[in-house]
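Geometric and topological summary
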Amino acid sequence: MIVLGIESTCDETGCAVVRAGRDILSNVVSSQVDLHEPFGGVVPELASRRHMEVILPVVESALEQSGKTLEQVDLFAVAQGPGLIGALLVGIHVAKTLSMALEKPLVGVNHIEAHLYAAMMSQPEPLRFPCLGVVISGGHTALVVVEKVGSYRLLGQTVDDAIGESFDKVAKVLGLPYPGGPAVEKLAREGDAFRYPIKAGRVKEKPFSFSFSGVKTAVLYTAKGAGASGESPLLLSDQERKDLAASFQRVVFEDLSAKALRAAEQFSCQSILLGGGVSNNRYLRELFQKARSTIPVLWPSGALSLDNAAMIAGLGYHRYLLQGCGDGLDLEPLTRIPW
Ligand code: KG4
Ligand code: ZN
């Protein structure tokens, strides 16, 4: 089965052609980072307009690179949410139009579930279940037990900021460009990760939940003085800035990895799967390596860790098989999707 997937939840326009849920024939992503960088974050209206401009060329180039024609596509899969409403609408309308014109089924896919599937489709061997799923993206932070593809049990999530969001906010405080994650990681490489005694947040009676807002405020006050606002001047030397970036990164990732390893043990998971843009971080990968987990820790391959359409097409294949049919043309974008 040849699936054409479309991704337009936020600031990346993607189209991919994937055979039978794992064989990636093409995976084209057009990033909008240049567009949003001057604003220090994603501007929803600009994002929708850019999706409109580039989506058809992106679909055409994904088809061309795959060596397939539209007529050879068996199923259209599209990211239904969560995401920005205007951005989602662009991808969904294109997918519906293609499905209608070619009389082929259409299926809507959860973007966050697809981030976990990205790690699954990156493995050469079939997985043994259950797995512990660790979702770490710009908008989500969650630990879930993956019973099988399509079947999840939420153990905990963030009660305030998502982990990627906290990287982006800390980057702003430290005067770094958007997107903040890669910039903080780079700055932290030359820093002393133990210089600042920042503590991770605890969530009462929820051992697998996260709280990052306290860490973010601690970074702000360390960088700009107690009670400072985002606009206050930075009071740190270059080396202190590096040390603060490194300390922040260590604290949030130690919290994340400790909870993930504990949850995996408690729920007898056979492996740990990571997904979402933050999984791109090298320091996090090293931290898991150092922890010498007794079960495999599995990561999405490079092209599948940031937003992309291959994970949408891959998961769309399974969603279609699980449902036994496609979704109707009344498929609506969902800005939020609970687990
Ligand atoms: O999964 P993603 O591409 O989009 C969402 O679905 O949200 O994740 C984007 C997030 C951003 O917050 C970005 O700063 C973060 O992932 N990110 C990173 C790194 N690369 C991207 N965070 C930490 N370290 C990185 N290397
Ligand atoms: Zn994403």
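Attention in this report is confined to the structure presented alongside it. (Residues numbered from 1 in each chain as written. Chains lettered and ligands numbered in written order. Predicted model: local features only at pLDDT ≥ 70, side-chain atom pairs only at ≥ 80, totals over all residues. Heavy atoms only, no water.)

1. Focus: the overall build of the protein
A count of helical and extended segments in the protein gives 11 helices and 10 strands. For 339 residues, the compact-globule formula gives about 20 Å, and the C-alpha radius of gyration of the protein, at 20 Å, lands near that figure. Its C-alpha atoms put the protein at 60 × 45 × 30 Å along the principal axes. For the protein, with 339 residues in total, the buried portion stands at 53%. Taking as baseline every contact in the protein between residues at least 6 positions apart, the subset at least 24 positions apart corresponds to 72%. Carbon and sulfur atoms form 53% of the exposed surface of the protein, whose accessible area is close to 14,900 Å². Mean positive and mean negative side-chain charge positions of the protein (32 and 36 charges, respectively) differ by 7 Å. (Helix = DSSP H or I, 4+ residues; strand = E, 2+ residues; numbered from the N terminus. Rg over C-alpha atoms; globule rule 2.2 N^0.38 Å. Buried < 20%, exposed > 50% of the residue type's maximum accessible area, 1.4 Å probe, protein only. Contact = heavy atoms within 4.5 Å. Areas by Shrake-Rupley, 256 points an atom, 1.4 Å probe, with all protein chains shown as cover. Lys, Arg positive; Asp, Glu negative; His and termini not counted. Charge placed at Lys NZ, Arg CZ, Asp CG, Glu CD.)

2. Considering the site of ligand 1
Near ligand 1, the surroundings consist of 19 residues, among which H115, G138, D168, E185 and G277 are the closest. One of the side-chain nitrogen or oxygen atoms of H115 is found 2.9 Å away from an oxygen atom of ligand 1. G277 places a polar main-chain atom, nitrogen or oxygen, 2.8 Å from an oxygen atom of ligand 1. Bound to the protein, ligand 1 loses 89% of the 560 Å² it would expose on its own. The site holding ligand 1 turns out to be the largest pocket. If you list the elements that add at least two residues to the shell around ligand 1, you get α4 (111–121), α5 (163–173) and α6 (180–188). Element by element, the count of residues in the shell around ligand 1 is highest for α6, at four residues. (Near = heavy atom within 4 Å. Polar contact = N/O pair within 3.5 Å; in protein donor to acceptor, adjacent residues only side chain to side chain. 1 Å grid on protein atoms, 1.4 Å probe; cavity = no way out; pocket = protein on both sides within 12 Å on 5 of 7 lines; lining within 4 Å. Sits in = over half its atoms within 2 Å of the grid points.)

3. Focus: the coordination of the zinc ion (ligand 2)
Around the zinc ion (ligand 2), the protein contributes the donor atoms H111 (NE2), H115 (NE2) and D307 (OD), which lie 2.0 to 2.1 Å from the metal centre. If you list the donors of the zinc ion (ligand 2) from N- to C-terminus, the spacing comes out as H-x3-H-x191-D. With H115 in helix α4 and D307 in the loop between α10 (302–305) and α11 (310–323), the pair connects residues that are 192 residues apart, well separated along the chain. Taken as a pair, H115 and D307 share a single burial class, namely buried. (Donors = N, O, S within 2.8 Å, 3.2 Å for Na, K, Ca; no water.)

4. Overview of the sheet that holds strand β3 (residues 23–31)
Across the sheet, five strands lie side by side as β3-β2-β1-β4-β5; this open sheet has mixed pairing. Lying at the two open borders of the sheet, with one neighbouring strand each, are β3 and β5 (106–110). Across the sheet, the mean angle from the axis of one strand to that of its neighbour is 20 degrees, orientation sign disregarded. Of the pairings in the sheet, the one linking strand β1 (residues 2–7) to strand β2 (residues 12–19) comprises six bridges and is antiparallel in character. Bridging from a neighbouring strand, G5 pairs with A16 of β2. Taken strand by strand, α4 contacts β1, β2, β3, β4 (75–81) and β5, and its axis lies near 90 degrees from that of β5. Where α11 meets the sheet, its contacts fall on β1, β2, β3, β4 and β5, and the angle it forms with β5 comes to roughly 115 degrees. (Pairing = 2+ DSSP bridges. Axes fitted to C-alpha atoms, helices over the stretch in contact; angles between N-to-C directions.)

5. Some words on the environment of V219
Structurally, V219 can be placed in helix α7 (residues 213–224). A residue is classified by how much of its surface remains accessible, and V219, at 0% relative accessible area, is buried. Between the alpha carbons of V219 and A245 there is a distance of 8.5 Å; along the sequence they are 26 residues apart. Among residues more than four places away in sequence, those in contact with V219 are V170, V173, I198, L244 and F248.

6. With respect to the environment of R262
By secondary structure assignment, the location of R262 is in helix α8 (residues 238–266). Relative accessible area serves as the criterion here: at 42%, R262 is assigned to the partly exposed category. Taking the C-alpha atoms as reference points, R262 and M311, 49 residues apart in sequence, are found 27 Å from one another. When sequence neighbours within four positions are dropped, the list of residues in contact with R262 reads P207 and F208.

7. A look at the packing of helix α2 (residues 44–66) against helix α3 (residues 85–102)
What describes two packed helices is the angle between their axes and the distance between those same axes. Running from N to C, α2 and α3 point in directions that differ by 25 degrees, and their axes come no closer than 9 Å. Judged by the inter-axis angle, α2 sits roughly parallel to α3. For the element pair α2 and α3, the recorded crossing hand is right-handed. On α3, the residues that touch S48, H51, M52, I55, L56 and V59 of α2 are G86, A87, V90, G91 and V94. Here the residues of the contact of α2 with α3 are counted per class, giving seven nonpolar, four polar and no charged. (Parallel < 35°, antiparallel > 145°, perpendicular 65-115°, else oblique. Left-handed = near helix turned anticlockwise from the far one by under 90°. Nonpolar A, V, L, I, M, F, W, Y, C, P; charged D, E, K, R; others polar.)

8. Here we look at the side chain of Q80
Tracing the chain through its elements places Q80 in strand β4. Q80 sits in the buried class, given a relative accessible area of 15%. A distance of 2.9 Å separates the side chain of Q80 from the backbone oxygen of E332, its partner in a polar contact. With sequence-adjacent residues up to four places away left out, Q80 is seen in contact with L88, I92, G108, V109, L331, E332, P333 and L334.

In short, geometric facts, not functional conclusions.
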